[in-house]
Amino acid sequence: RKYQAPSHCALYTGVTSVGTQSVIVASAAGFGSGDQVLVIQMKGATINTGNTPSFGSVLNYNNAGNFEFASIASISSNTVSFVSPLLRNYNANDYVQMVRVPLYTNAVVSGPLTGTAWNGTTGGVLVFEASVSVTLNANIDMTGKGFRGGALQGGAFSSCAGDTLDYVLPGSTLASGKKGEGIVDPNISMSNGKGPWANGGGGGNDCNGGGAGGGNYGMGGHGGDSKVNVSCPPFFYQNSGGRWGNGLVYSNTANKVFMGGGGGGPHQNDGAGTPGAMGGGIIIIRAASVTGNNNSIITNGNDNNLMASIDGQGGGGAGGSVLIDACSITALTVSAKGGKGGVDNFSGSDCHGKGGGGGGGIVWVSS
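The rules behind these values
Residues numbered from 1 in each chain as written. Predicted model: local features only at pLDDT ≥ 70, side-chain atom pairs only at ≥ 80, totals over all residues. Heavy atoms only, no water. Helix = DSSP H or I, 4+ residues; strand = E, 2+ residues; numbered from the N terminus. Buried < 20%, exposed > 50% of the residue type's maximum accessible area, 1.4 Å probe, protein only. Lys, Arg positive; Asp, Glu negative; His and termini not counted. Salt bridge = Lys/Arg side-chain N within 4 Å of Asp/Glu carboxyl O. Polar contact = N/O pair within 3.5 Å; in protein donor to acceptor, adjacent residues only side chain to side chain. Contact = heavy atoms within 4.5 Å. Pairing = 2+ DSSP bridges. Axes fitted to C-alpha atoms, helices over the stretch in contact; angles between N-to-C directions. Core = buried A, V, L, I, M, F, W, Y, C linked by side-chain atoms within 4.5 Å. Phe/Tyr/Trp six-rings, centres within 6.5 Å; stacked < 30°, edge-to-face > 60°.

## Examining the side chain of lysine 145
By the secondary structure assignment, lysine 145 is in the loop between strand E11 (140-141) and strand E12 (282-298). Among buried Asp, Glu, Lys and Arg side chains, lysine 145 stands out as unpaired, with aspartate 141 the closest opposite charge at 7.4 Å. A polar atom in the side chain of lysine 145 sits 3.0 Å from the side chain of threonine 114. Ignoring sequence-local partners within four residues, the contact set of lysine 145 consists of Thr114, Gly115, Ala117, Trp118, Gly124, Met259, Met278, Gly279, Gly280 and Gly281.

So, in structure tokens, the structure goes:
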């Protein structure tokens, strides 16, 4: 069967409760008995929340990144029962989703193929299986479909009131940009400040600090510091750039997978900054063989292509994750690069903080 869809024919739904051999979903519409699905938890890590340089370091991954395949036995209302018990643990409060896995014998990708971007609840994953072969006559691309970048937040203080070293600040502050999204549950009381949200890049601090790059397997780049011509003691603005999105641990033992972290947002006080960029999504392919025909599987982090005229700039998104379970792979290019951080075209003497680059993702293949 040919496999050509402009936005992938998978189906996504949020999971509201997880049992031993069943889940309750937000909507079971479109799913049916006999369907194969992917159950995956997107967030839920515990981080250091102290207002120190260690803010955002991962203390425990918990169930974040857990995933497995399951077959649907029956559906009653929004309760989905599986043929076999789930093997791993999940916490429905930490953004678990169920994704339908299209099944093929010989899959031919005859046109550009992508999936739905992460929207904060579902998406960010492209997955399918072929019992015999996958042949690429076009690219598969989940670039910029992962965790979201830190949004712009306007604000200005008079004099030196906003000069701060804080790694964590509430979402209402004018003294910092917003952190990029990562594998931590969102919390408005900690959404700003230059410390990272695990693999989400830290926001730039006052005045005009740049947002950091998101992380995945590789850590993101530090946001640029501002060098404004003011005399605010104790000159925290000279260390105002967001701190890099952390690199995450991958291993065959833990067997977890993550989307690329979003770039941190900058500090802006003139309404001319650029937001953080989105990270790359997750691509999972299972087949006996994959023939690339010199085409590509791509899940890069987004570049921050916007150009600020003044103010801080946002960080680049981290590369996503590619998992290929196949006995043979030929003539295939795979890319999971981090995106570029933002720049500006300001020609005056002030130096506004540039965005940090996104960290690299991961390419993981079976032996």
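## Notes on the environment of alanine 318
On the secondary structure map, alanine 318 appears in the loop between strand E13 (307-308) and strand E14 (321-325). Put simply, alanine 318 and lysine 337 are 19 residues apart on the chain and 6.9 Å apart in space, counted from C-alpha to C-alpha.

## Overview of the side chain of asparagine 205
Considering the arrangement of structural elements, one finds asparagine 205 in the loop between E11 and E12. Of the residues examined, asparagine 205 reaches a relative accessible area of 0% and is grouped as buried. Filtering out sequence-adjacent residues up to four positions away, asparagine 205 remains in contact with Thr164, Leu165, Asp166, Ala175, Ser176, Gly193, Lys194, Ser240 and His267.

## Things to note about the sheet that holds strand E3 (residues 36-41)
With respect to topology, 6 strands assemble into a closed barrel ordered E1-E2-E7-E6-E3-E8, the strand pairing being antiparallel. Each strand axis lies, on average, 45° off the axis of its neighbour in the sheet, ignoring direction. Judged from the 5 bridges that link them, E3 and strand E8 (residues 96-100) form a sheet pairing that is antiparallel. Along E8, the bridge assignment pairs valine 39 with methionine 98.

## Some points on the nonpolar core
Counting residues in each nonpolar core, the largest one holds 34 residues, and the members touching the most others are Leu38, Ile183 and Ile282. When neighbours within four sequence positions are excluded, isoleucine 282 is seen to be in contact with Ile40, Met42, Gly124, Val125, Leu126, Met142, Val257, Phe258, Met259, Thr299 and Ser321. Within the second largest apolar cluster, 20 residues are counted, among which are Leu126, Phe128, Ile285 and Ile297.

## Some thoughts on the pairing of strand E1 (residues 12-18)
In summary, the side chains of a regular strand alternate between the two faces of the sheet. As judged from the 3 bridges shared by E1 and E8, these two strands associate in the antiparallel manner. Bridged to tyrosine 12 within E8 is valine 99.

## A look at the packing of aromatic side chains
Scanning the entire structure with this criterion turns up 5 aromatic pairs. Judged by centre distance (6.1 Å) and plane angle (50°), the rings of tyrosine 217 and tyrosine 250 are tilted. Placement of tyrosine 217 in the loop between E11 and E12 and of tyrosine 250 in the loop between E11 and E12 is noted, with a sequence separation of 33 residues between them. Tyrosine 250 gets classed as buried once you look at its relative accessible area, which sits at 12%. Taken together, a centroid distance of 5.8 Å and an interplanar angle of 85° make the contact between tyrosine 250 and tryptophan 364 edge-to-face. Taken together, the residues tyrosine 250 in the loop between E11 and E12 and tryptophan 364 in strand E17 (residues 362-365) connect sequence positions 114 residues apart. Each member of the pair, tyrosine 250 together with tryptophan 364, is buried.

## Quick look at the pattern of salt bridges
Per the stated rule, a full pass over the model turns up 4 salt bridges. Taking the shortest distance from any N to any O, the salt bridge between lysine 43 and glutamate 181 comes out at 2.6 Å. Within this pair, whereas lysine 43 is found in the loop between E3 and strand E4 (46-47), its partner glutamate 181 is found in the loop between E11 and E12, the two being separated by 138 residues in sequence. One salt bridge connects lysine 354 with aspartate 344, and the closest N-O pair in it is separated by 3.4 Å. Here aspartate 344 lies in strand E16 (residues 343-344) and lysine 354 lies in the loop between E16 and E17, a separation of 10 residues in the sequence. Note on aspartate 344: relative accessible area 15%, which makes it buried. Salt bridges sharing common partners tie together Lys43, Arg148 and Glu181.

## Focus: the pairing of E14
With 4 of its 5 residues buried, E14 lies for the most part within the structure. As defined by bridge partners, E12 adjoins E14 across 5 bridges and the pair is classed as parallel. Across the sheet, residue isoleucine 285 finds its bridge partner in E14, namely isoleucine 324. One ladder, built from 4 bridges, connects E14 with E17; its direction is parallel. In the strand pairing of E17, leucine 323 is matched with tryptophan 364.

Worth remembering: the numbers are spatial, not functional.
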